[in-house]
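Now for the letters of each chain:
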Amino acid sequence: MAGSGAAGVRGGAEPAVSSIEQRGIEHIEQGERWGKPSSLFWMWAGAVWNVEFVYYGAIAVVFLGLSFAQAVLIILLGNLSYVLTGLASVQGPQAGTTTFAISRAAFGPRGNKLPSFFNWLTQVGFEIEGIAFIVFAAIVLTAKAGFTAGTFAKVVFIVLAVAIQAILPTLGHAAILKALRWLAIPFVILFAVMAALTASKANLEAVPHGAGWGMLLVFLALVISAGGLGWTENGNDYSRYLPASSDNKRIVIAVALGAAIPSALLEILGAAVGTAVPAAADSPTGLVAGFQTWFVVPFLIFAIVQLFAINTLDLYSSGVTLQSLIPSLKRLHCVAIDTVVCGAIAAYAVFSSSFFGLLTGFLLYIILWLGPWCAIYLVDSYLRRNRYDHDALLDERSSRYFRNDGVHWPAIIAQVVGGAAAYLWLNASSGGTLASTGPLSSRADGSDFSVFIGLIVGGLIYWVLAGRAVRSEGEATPATAVE
């Protein structure tokens, strides 16, 4: 596999934070590759040290009825899924382009528009989640100052939030990596303070009997969806600035550990907070209920900054995904479009009385397309030994990937069948207005195997239908195409 041995030599100089990245999905030449695997560790750590993950942990105890011990076990198991994010980050240095440009190798340039559209919706969904958290935090902050936020104030908060959110994605890759690296340290300190305060309040025996297998598996699906699986479609958007000679093992380890460590710690803290403050999962604002004002105010300020940081990854990736759907758009145009769409739908989420249901349903339903797509993407990379023709990836009219009029049907079939199989085992009964339970899940005590079924069925079908052809295609890719 190309790039699996050498440590990698950095090509160009790292751009200034204030410089605006001009590239979208275009190929990054070797002379412009300034990244290294360790930079990915700090980028992911900076993004995931985030109040959203505390909230996910609180959901386990307060809404799903897990005991603290059960929650910890599932959190540790679920966060192993960040290995998927790491594995989905090794294609970027070889192909020199973004995830959903590389995905054309498996689906064909036209067939790839199907998963690209789903990914764009998913990224915008995560952006909306972050904006809603920011607005809720702003409401609590202003309440501490004696101001009750009405409808007009909430609208102002939403407009300000989406405007501020657009700054880092507009600047681009270099600004994102540096900003997230800087933000990791202060939030670690804040996490330590919150953990110390929670220790004196936590009632770890609050749910002594815990939940049955059904709810355990629902929470496992949620942790995987919000964690390692939910980030696979972002990985190569950031690793593409690494030299092609970068060590793949170092990339996987840097990404997996950078994201999994803070994710697991924050979710465990959230589960502890859930035992201490029952209101913790009623809404994002409930996370700070019961804590002293001296802590609440700085916590919310840092949380808002950190929420902007994690939204930056989603907005940047949704922009380059939109480019893969509509190549005529520039990256900055995509940022503007996503900002407007995000603001409009975030308003609905903020004013909704069932924020928890919307969030839970969203996190579970995205499994239906993400599981099969991730498996197809990784199996395709393995079969072609991670060899990509970057010129062909960006050619939408005629290239080695333009089979069957631009559609690679084995990938489409695997995607659709894998998604349908995953739905049979989906339990989104706690998804509010999006509530639904697959027929096989309802017959198995509500157990949710959707994430595993989607991965296995999607990957297996693609391997059977396309294995020989894709392997030959990889062997025929000229060495100059991957240098």
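Values in this document were obtained by computation on a predicted structure and should not be read as measured data. (Residues numbered from 1 in each chain as written. Predicted model: local features only at pLDDT ≥ 70, side-chain atom pairs only at ≥ 80, totals over all residues. Heavy atoms only, no water.)

When you go through the chain residue by residue, the secondary structure sums to 22 helices and 2 strands. Taking all 483 residues of the chain together, 61% fall into the buried category. Long-range contacts, defined as pairs at least 24 residues apart, comprise 86% of the intrachain contacts of the chain with a sequence gap of at least 6. On the chain, roughly 17,200 Å² of surface is accessible, and the fraction owed to carbon and sulfur atoms is 69%. (Helix = DSSP H or I, 4+ residues; strand = E, 2+ residues; numbered from the N terminus. Buried < 20%, exposed > 50% of the residue type's maximum accessible area, 1.4 Å probe, protein only. Contact = heavy atoms within 4.5 Å. Areas by Shrake-Rupley, 256 points an atom, 1.4 Å probe, with all protein chains shown as cover.)

Once that is clear, we can look at the packing of aromatic side chains. What the rule picks out here adds up to 14 aromatic pairs. Geometrically, the ring pair formed by Phe100 and Trp369 is tilted, given 6.4 Å between the ring centres and 50° between the ring planes. One end of the pair, Phe100, is in helix H6 (residues 99-102); the other, Trp369, is in helix H18 (residues 367-383), with 269 residues separating them in the sequence. In terms of burial, Phe100 and Trp369 fall into one category: buried. Look at Phe126 and Trp231: their rings are 6.5 Å apart centre to centre, the planes differ by 10°, and that puts the pair in the stacked class. Separated by 105 residues along the polypeptide, Phe126 in helix H8 (residues 113-144) and Trp231 in the loop between helix H12 (213-226) and helix H13 (235-239) bring together distant segments of the chain. (Phe/Tyr/Trp six-rings, centres within 6.5 Å; stacked < 30°, edge-to-face > 60°.)

Our focus in this paragraph is unusual backbone geometry. Glycine aside, a negative phi is what most residues show, and trans is what most peptide bonds show. Residue Arg385 is not a glycine yet carries a positive backbone phi of 55°. Of note, Arg385 is situated in the loop between H18 and helix H19 (390-393).

For the rest of this paragraph, the subject is the confidence of the model for the chain. Summary statistics for the chain give a mean pLDDT of 83 and a share of 86% for residues scoring 70 or more. Confidence drops under a pLDDT of 50 for residues 1-10, and excluding neighbours within four residues, the segment shows 33 contacts in the predicted structure. (pLDDT = per-residue confidence, 0-100.)

Right, let's talk about the side chain of Ser450 for a bit. Among the secondary structure elements, Ser450 is positioned in helix H22 (residues 450-476). What makes Ser450 buried here is its relative accessible area of 0%. When near neighbours in sequence (up to four residues on either side) are disregarded, Ser450 contacts Ile367, Ala422, Trp425 and Leu426.

Before going further, it helps to examine the packing of helix H1 (residues 37-48) against helix H14 (residues 248-276). As a packed pair, H1 and H14 sit with axes 8 Å apart at the nearest point and diverge in direction by 20°. In this view, H1 runs roughly parallel relative to H14, as classed from their interaxial angle. Judged by the sense of rotation from one axis to the other, the crossing of H1 with H14 is right-handed. Along the contact surface, H1 presents Pro37, Leu40, Phe41, Trp44, Ala45 and Val48, while H14 presents Arg250, Ile251, Ala254, Val255, Leu257, Gly258, Ala259, Pro262, Ser263 and Leu266. Split by residue class, the contact of H1 with H14 holds 13 nonpolar, 2 polar and 1 charged. (Axes fitted to C-alpha atoms, helices over the stretch in contact; angles between N-to-C directions. Parallel < 35°, antiparallel > 145°, perpendicular 65-115°, else oblique. Left-handed = near helix turned anticlockwise from the far one by under 90°. Nonpolar A, V, L, I, M, F, W, Y, C, P; charged D, E, K, R; others polar.)

With 142 residues, the main nonpolar core has Leu66, Phe219 and Tyr462 as its most contacted residues. Of all the elements, helix H15 (residues 293-325) adds the most residues to this core, at 15 residues. Setting aside residues no more than four positions away along its own chain, Phe219 makes contact with Tyr56, Ala60, Leu64, Leu66, Ala71, Ile74 and Ile75. (Core = buried A, V, L, I, M, F, W, Y, C linked by side-chain atoms within 4.5 Å.)

Take a nonpolar patch on the surface next. On the surface, Tyr382, Trp409, Ile413, Val417, Phe449, Phe452, Ile456, Leu460, Trp463, Val464 and Leu465 cluster together to form a nonpolar patch covering roughly 1,100 Å² of accessible area. Counting only elements with at least two residues in the nonpolar patch, the list comes to helix H20 (409-424) and H22. Per element, the largest residue contribution to the nonpolar patch is 6 residues, and it comes from H22. Secondary-structure assignment places Phe452 in helix H22. (Patch = residues over 30% accessible without salt bridge, like charges linked within 9 Å, V, L, I, M, F, W, Y side chains within 5 Å. Salt bridge = Lys/Arg side-chain N within 4 Å of Asp/Glu carboxyl O.)

On to helix H2 (residues 51-62), then. Along its 12 residues, H2 runs 16 Å from first to last C-alpha, staying within 8% of the 16 Å computed at 1.5 Å per residue. In terms of burial, H2 is largely enclosed, as 11 of its 12 residues are buried. Buried within H2 are the following residues: Val51, Glu52, Phe53, Val54, Tyr55, Tyr56, Gly57, Ala58, Ile59, Ala60 and Val61. You can read the cap of H2 off the contacts: a side-chain oxygen lies 3.0 Å from the backbone nitrogen of Glu52, and it is on Asn50. (Expected span 1.5 Å × (residues − 1). Polar contact = N/O pair within 3.5 Å; in protein donor to acceptor, adjacent residues only side chain to side chain.)

Running from N to C, helix H9 (residues 151-165) and H15 cross one another at 65°; their axes reach a closest spacing of 10 Å. You can see that H9 and H15 cross each other, and the crossing is right-handed. Residue-level contacts link Ala161, Ile164 and Gln165 of H9 to Phe308, Asn311 and Leu315 of H15. Here the residues of the contact of H9 with H15 are counted per class, giving 4 nonpolar, 2 polar and no charged.

Two side chains bearing opposite charge may form a pair once their charged atoms approach each other closely. Tallied over the entire structure, the rule returns 7 salt bridges. Its salt-bridge partner being Arg110, residue Asp405 comes within 2.9 Å of it at the nearest N-O pair. With Asp405 in the loop between H19 and H20 and Arg110 in the loop between helix H7 (104-107) and H8, this residue pair connects regions lying 295 residues apart in the sequence. The partner of Glu396 in a salt bridge is Lys113, with the nearest N and O atoms 3.6 Å apart. Highlighted residues: Glu396 in the loop between H19 and H20 and Lys113 in helix H8, separated in sequence by 283 residues. Residues joined by salt bridges that share partners form a network here, namely Asp380, Arg384, Arg403 and Glu473.

So, on to H14. Given a rise of 1.5 Å per residue, 29 residues ought to cover 42 Å, and the 42 Å separating the end C-alpha atoms of H14 matches this to within 8%. Burial analysis of H14 places 21 of its 29 residues in the buried class, the great majority of the element. Taking the backbone nitrogen of Lys249 as reference, a side-chain oxygen 2.9 Å away marks Asp247 as the first, capping residue of H14.

The next point concerns the environment of Tyr316. Turning to its location among the elements, Tyr316 is positioned in helix H15. You can call Tyr316 buried: its relative accessible area is 1%. For Tyr316 and Asn234, which are 82 residues apart along the polypeptide, the C-alpha to C-alpha distance reads 9.1 Å.

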